[in-house]
Amino acid sequence: MKTKPALTLLAAVILSAGTPILAADKDSPSTAPSLKTVFKDSFLVGVAINENQFSGKDARGLPIVQSHFNSITPENILKWEAVHPEPNRYNFDPADRFVAFGETNGMTIIGHTLVWHNQTPPWVFRNDKGELVDRDTLLNRMREHIHTVVGRYKGRIKGWDVVNEAVYPDGSIRATNHWYHIIGDDFIAKAFQFAHEADPQAELYYNDFALEDKPKRDGVIRIIKQLQAQKIPIHGIGSQMHARLDWPSIQAVEEHITALAALGLKVMITELDIDVLPEARQYRGTNLTENAKLNTELNIYPKGLPAAVETEFTKRYADFFRVFRKHADKIDRVTFWCVTDADSWLNYWPVTPRVNYPLLFDREGNPKLAFEAVMKVAQPTAKNK
Ligand code: GLA
């Protein structure tokens, strides 16, 4: 009987679309359908989590994380400003608990991120007089930070986003980045070298957004080829994939996976979400509670997503996962950026506050239609049997 297992799985998935999925998973963790189990032969399914989730305070999010994901990335607590807020002060308590949570739950733990132009405190780049420091001083600070943070979790954090977002949309290196203009071209190579010294077994990744756009991707590929030519240890490339309903095309997604895999590196989708609201970058930083007109234009679904948009959103997720599954030989991990719609940064960026719907679980933690669609992608089709 070839059709029976597929039908049984389908029935279970649909049952899980109400609310009992968490209870069902808890009662029967090995058999209940979940993202991590249905894609277990394809790739890891990860999620970015916050402190409320790994400390157990978020009773809605915690069981979703435990049921559906086998990899975790910290949304914020390992960023420089959080873990090393002052020159001689590290704040390891949240990171220690994050790593312990991942170990307790048998998850693949990802470190995010070591060298980035954002969420890095100003003191890193300046001396006591407020002037920019010289190359050697910044390299020493970078080395000390990486050795301390990566060294602390040696053998426990499996892979690190070593450098985040170093390239502009046209493929050139981000020239306004203090790391680049103080240290120079080799700041990326140095970051990878220091991370390798701190934990020679750790996987080291370059992570960036909009790699589906060819000019930017080509710039990143050029930099990675230079690192490879210099024998700098780099093991993977993270494509953030902060998507929209109209970007990127499915063809572009497929092309970027193939192009990145051709570097001989592990490819990871590291920050997946789908923004359904109007593009608002030109109003960046605006507080919509102070601007009623903009609020009407930009916060267009405050009471729920219209069915037609939900259908489009659901199809987008299914299309993405069909491509991921087709290229599962190249993809190591697909990580969502946050657990439920309520947790997403897209409610606050680039304007705040909005009601966005970018993920597979709604504000109450219930699986959405897109969840069911993604789960179905994992089922063998009649053709595959
Ligand atoms: C970038 C970073 C993430 C996160 C997201 C949005 O993509 O890599 O750490 O800050 O932006 O929140």
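Residues numbered from 1 in each chain as written. Predicted model: local features only at pLDDT ≥ 70, side-chain atom pairs only at ≥ 80, totals over all residues. Heavy atoms only, no water.

Participant: Any chance you could explain the overall build of the protein chain here in plain terms?
Facilitator: Helix and strand counts for the protein chain stand at 15 helices and 9 strands. For 385 residues, the compact-globule estimate of 2.2 N^0.38 gives 21 Å, and the protein chain sits close to it at 21 Å. For the protein chain, the spread of C-alpha atoms along the three principal axes comes to 70 × 50 × 40 Å. Sequence separation of at least 24 residues holds for 78% of the intrachain contacts in the protein chain that already meet a minimum separation of 6. Approximately 16,700 Å² of the protein chain is accessible, and the part contributed by carbon and sulfur atoms is 53%. For the protein chain, the distance from the average position of its 46 positive side-chain charges to the average position of its 47 negative side-chain charges is 5 Å. (Helix = DSSP H or I, 4+ residues; strand = E, 2+ residues; numbered from the N terminus. Rg over C-alpha atoms; globule rule 2.2 N^0.38 Å. Contact = heavy atoms within 4.5 Å. Areas by Shrake-Rupley, 256 points an atom, 1.4 Å probe, with all protein chains shown as cover. Lys, Arg positive; Asp, Glu negative; His and termini not counted. Charge placed at Lys NZ, Arg CZ, Asp CG, Glu CD.)

Participant: Would you mind showing me how to read the nonpolar core here?
Facilitator: When a protein is soluble and globular, its nonpolar side chains tend to lie buried together. If you look at the biggest cluster of nonpolar residues, it comprises 111 residues, and the most contacted ones within it are Y317, F321 and F324. What F321 contacts, discounting residues up to four positions off in sequence, is F39, F43, L272, V334, F336, V374 and V377. Core analysis: the next-biggest nonpolar cluster, separate from the first, contains 5 residues, A280, L288, L294 and L298 among them. (Core = buried A, V, L, I, M, F, W, Y, C linked by side-chain atoms within 4.5 Å. Buried < 20%, exposed > 50% of the residue type's maximum accessible area, 1.4 Å probe, protein only.)

Participant: What is the right way to read the site of the ligand from this model?
Facilitator: Close to the ligand lie K79, H112, W116, Q119, N164, E165, Q240, H242, E271, W337 and W345. Between the ligand and N164 there is a distance of 2.9 Å, counted from an oxygen atom to a side-chain nitrogen or oxygen. Contact between the ligand and E165: an oxygen atom at 3.4 Å from a side-chain N or O atom of the residue. If the ligand stood free it would expose 300 Å²; the protein chains cover 89% of that surface. Its residues placed into classes, the shell around the ligand shows 3 nonpolar, 5 polar and 3 charged. (Near = heavy atom within 4 Å. Polar contact = N/O pair within 3.5 Å; in protein donor to acceptor, adjacent residues only side chain to side chain. Nonpolar A, V, L, I, M, F, W, Y, C, P; charged D, E, K, R; others polar.)

Participant: Help me out: how do you make sense of the pairing of strand β5 (residues 203–208) in this one?
Facilitator: Side-chain direction in a regular strand flips from residue to residue, so the side chains alternate between the two faces of the sheet. Most of β5 is tucked away, with 6 of its 6 residues classed as buried. Going residue by residue along β5, you find E203, Y205 and N207 tucked away on one face and L204, Y206 and D208 tucked away on the opposite face as well. In terms of strand pairing, strand β4 (residues 159–164) meets β5 through 5 bridges, oriented parallel. Bridge pairing links D161 to Y205 in β5. (Pairing = 2+ DSSP bridges.)

Taken by themselves, the reported measurements are silent on function.
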